Amino acid sequence: MLLRMLRNDITRKKGITAALFIFVLLAALLVSSGSRMIMELTSSIQYLFSESKTPHFVQMHAGEIDQAKVNTWAEENAMVQQHQIVEMVNIDGSNLFLGAESEKNSVMDIDFVTQNQGFDYLLNLDSEIIQVNDGEIAVPVYYMQQKKLSVGDQVRIDNGQFERSYTIVDFVRDAQMNPSVVHSKRFIVSDGNLQELKQGIGEMEYLIEFRLTDPGLTSEFTQAYQNAGLPNAGPVVTYGLFQVLNAMTDGVIAAVIILVSLVLILIAMLCIRFTMLATIEEDYREISVMKAIGIAEKDIKRLYLMKYVFMAGFASVLGYIASLGVNRLFVSNIMLYMGKAPATLLHFAIPLLAAGIIFAMVVLFCRTVLRRFRSISAVDALRTGSLGDTQIIRNRLSLSRNRWSSVPVFLGLKEVIQRIKMFRLLLFVFVVSSFIMIVPVNFLNTLQAPSFISYMGVGQSDIRIDLRHTDDVEQRYDNLVAQIQNDKDIKTYSPLVTSQFKIKNAEGSYDNLSVETGDFSIFPLSYVSGNAPTTENEIALSDANSSELRLKTGEQLTLLVNGKDQMMTVSGIYQDVTNGGKTAKALLPYNKDSVLWYVVSLDLNNRGDMATKIAEYETAFSPAKVTDLQGYLDQTLGGTIQQLKLVTMLALVIGVFISILITALFLQMLVAKDNNDIAVLRSLGFALSKIKFKYVVMSLLILILGVVTGTILSNTLGPLLVSAIMSTFGASNIVFVVNPLQAYIVCPLLLAGTIVLTAWISIQSIKETSISKMIVE
């Protein structure tokens, strides 16, 4: 009998039943997809690192190297399990052709290597160790994605004197250099081809790599290496930083999806409440009759709960199954760059558990809402035909005194004010819908804005020129600065030099610290706290370094400068999301023997000359990376931006869908409550269109207030949430760049249009209401 009643109830209330089913399904779908993405990301990173045997410590080095000294020290160190020195031939982008055009505008350091023998393996798309023959090459997946390359395509190196062509036979997954935020990429060639490149073109660089007996000893090993006087003309990167860098792009997207999922769970509870109240409102007479004839309250509750248990269970299972297909959209980038880890039971159990939590929350919330049965009196329900829970607030609005609006508008406003307690739930939904639509849009605009360069530890300028280490790099740098000084097309410029200094740690020994020196007032950064250094006794730290060193603005540290300890005061903290973001800035004389790289940023008098000026300096100072600001951002954050665009579109669809669903459910409940009042208005001669317009006005009034509140929260709470997500990657104080057209016009109008249409369709049942029907009932 219960099954027959359940079937009849679902058939009779198809609209409400379908709405609830879809919403629970959507909540389960997103929660399952978000948790599955986190599982795929963590397991794929672990799998990639395991298969490639990623080193625990890597010292990058440019210049001459004493390999025998490194080998001897490593063999005598008990912490070392394996070590190797990887030779890399650095090729200038202007000499590399991955198609018709060279990579002269690339911000990437392009390195040619051979496959490693002991560890740090470079893997193909099947997660197998790549092997190539003479004339063959394996290209990083970054270029496969950016340049749409395929197996069989040609890669050409040509500097006018040395020319070679290679056939692409595979694509490289590189645990160290996969992400676009890492400005280095490794190409694999054969041993013979690498020897040709060493003799014919490029500069030599080295990776001094170690795997430790205990990865937990990384800090102690780093200190031991730096105190041993071994080659260190380059940054140090550790296993933990490799994990952070690989997780950055997809980790940000996963965090945004989880955030949207959490908001959806909250709104799902409101949807259930609306739906159940609408159902109880429609069934109040049946409930009162059942109570009047002696059916126990717990049996009535069981009847209603069974319906929602069935729907929530079926919707949760279907949402989980749907997530298996939808999830491919979100994990495609993970699969490309890191590969698919072997599936385990947890890959299916965790998303299923997430969907199960949605089901449990629905059932628990249903039981809570069903407590309302205690307040239903059989006599009162039969007499008044209402639950009697609508709170009417007295106000001084009077139709007779109204001179400023039409009757429907006035009645709509009066209804909202009088029944504000009921409408606050709809207001909350509109606030949240606006929030989850506007925040991703603002975040996307922030990533794409030129000002985002400041979050990468770089001042905003027209052109950036990078000079990496070569035998004559110092002379080339001096010539570059001299030419810029005499170039009348250049408005202003700022030469910056990054070199290594020694910083005293808590134990009294010294660690390496990459410090950029120069004039930081020309192209200033945005500081989380404090400001740029203005004296030789001040230093600014990146957010990541500030956290690691546990230093705040105003505190002091000790640097080894020209062989002597010098106390430095932290003048400010800035943000840097590139290469782990562990940098510093100071006005110190640098040691030419410890320089890591030279950078010159400049502004032009006429930005229309940018392309010409870039080509001019590329030719004059090759090998040099000369990039415009937008190109630098696109190449560094292109993958993240593409993923975020997908999430932004999803957020817009979800925001609109939530608003449509809740508005429809709310108005159905409201019309059911107002059935008698509507009949009275019709008997007094009010046109049906006027009555409908009143409900549209009510919806729009709540929508306007909700959008305004949601927009305010998007610009206040939104940056805090995004900053919390990005703090892991070195940016803890994101300030949104807002596109007013999108945030303040397009999104609100999109919501308003759908709400008006939904409201008009949802109140069509009003035409069935009349005094005669009310009397008969």
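Preceding block: the structure.
Residues numbered from 1 in each chain as written. Predicted model: local features only at pLDDT ≥ 70, side-chain atom pairs only at ≥ 80, totals over all residues. Heavy atoms only, no water.

### Regarding the packing of aromatic side chains
Then, in step 1: By the definition in use, this model includes 18 aromatic pairs.
Then, in step 2: Ring geometry for Phe-57 against Phe-221: centres 5.1 Å apart, planes inclined by 80°, an arrangement best described as edge-to-face. Taken together, the residues Phe-57 in strand S1 (residues 57–62) and Phe-221 in helix H6 (residues 218–226) connect sequence positions 164 residues apart.
Then, in step 3: Classification of Phe-57 as buried rests on a relative accessible area of 0%.
Then, in step 4: With a relative accessible area of 0%, Phe-221 lands in the buried category.
Then, in step 5: A ring pair is formed by Phe-57 and Tyr-225, whose centres lie 5.3 Å apart and whose planes are at 50°; its orientation type is tilted. Taken together, the positions of Phe-57 in strand S1 and Tyr-225 in helix H6 put the pair 168 residues apart, joining distant regions of the chain.
Then, in step 6: Chaining the aromatic ring pairs together yields one cluster made of Phe-57, Trp-73, Phe-210, Phe-221 and Tyr-225.
Then, in step 7: Directly above the aromatic system of Tyr-574 lies the positively charged group of Lys-585, at a separation of 5.1 Å from the ring centroid. (Phe/Tyr/Trp six-rings, centres within 6.5 Å; stacked < 30°, edge-to-face > 60°. Helix = DSSP H or I, 4+ residues; strand = E, 2+ residues; numbered from the N terminus. Buried < 20%, exposed > 50% of the residue type's maximum accessible area, 1.4 Å probe, protein only. Lys NZ or Arg CZ within 6 Å of the ring centre and 35° of its normal.)

### Re the side chain of His-61
Then, in step 1: With respect to the helices and strands, the residue His-61 is situated in strand S1.
Then, in step 2: A relative accessible area of 8% places His-61 in the buried class.
Then, in step 3: Separated by 2.7 Å, the side chain of His-61 and the backbone oxygen of Glu-64 make a polar contact.
Then, in step 4: Those residues within four positions of His-61 in sequence are excluded, and the remaining contacts are Glu-205, Tyr-206, Ile-208, Pro-231, Asn-232 and Ala-233. (Polar contact = N/O pair within 3.5 Å; in protein donor to acceptor, adjacent residues only side chain to side chain. Contact = heavy atoms within 4.5 Å.)

### Quick word on unusual backbone geometry
Backbone phi values are negative for most residues with the exception of glycine, while trans is the configuration of most peptide bonds.
Then, in step 1: Residues other than glycine seldom take positive phi values, yet Ser-127 does so here, at roughly 60°.
Then, in step 2: Here Ser-127 is to be found in the loop between strand S4 (109–113) and strand S5 (136–140).

### As for the packing of helix H14 (residues 473–485) against helix H16 (residues 610–620)
Then, in step 1: Viewed as axis vectors pointing N to C, H14 and H16 meet at an angle of 145°, and their least axial separation amounts to 11 Å. The two elements H14 and H16 cross, and the hand of that crossing is right-handed. Contacts between H14 and H16 involve Leu-480, Gln-483 and Ile-484 on the former and, on the latter, Glu-616, Tyr-617 and Ala-620.
Then, in step 2: Taken together, the residues of the contact of H14 with H16 break down into four nonpolar, one polar and one charged. (Axes fitted to C-alpha atoms, helices over the stretch in contact; angles between N-to-C directions. Left-handed = near helix turned anticlockwise from the far one by under 90°. Nonpolar A, V, L, I, M, F, W, Y, C, P; charged D, E, K, R; others polar.)

### Notes on helix H10 (residues 345–369)
Then, in step 1: The first and last C-alpha atoms of H10 sit 36 Å apart over 25 residues, in line with the 36 Å expected at 1.5 Å per residue.
Then, in step 2: Listed as buried for H10 are His-347, Pro-351, Ala-354, Ala-355, Ile-358, Val-362, Val-363, Cys-366 and Val-369. (Expected span 1.5 Å × (residues − 1).)

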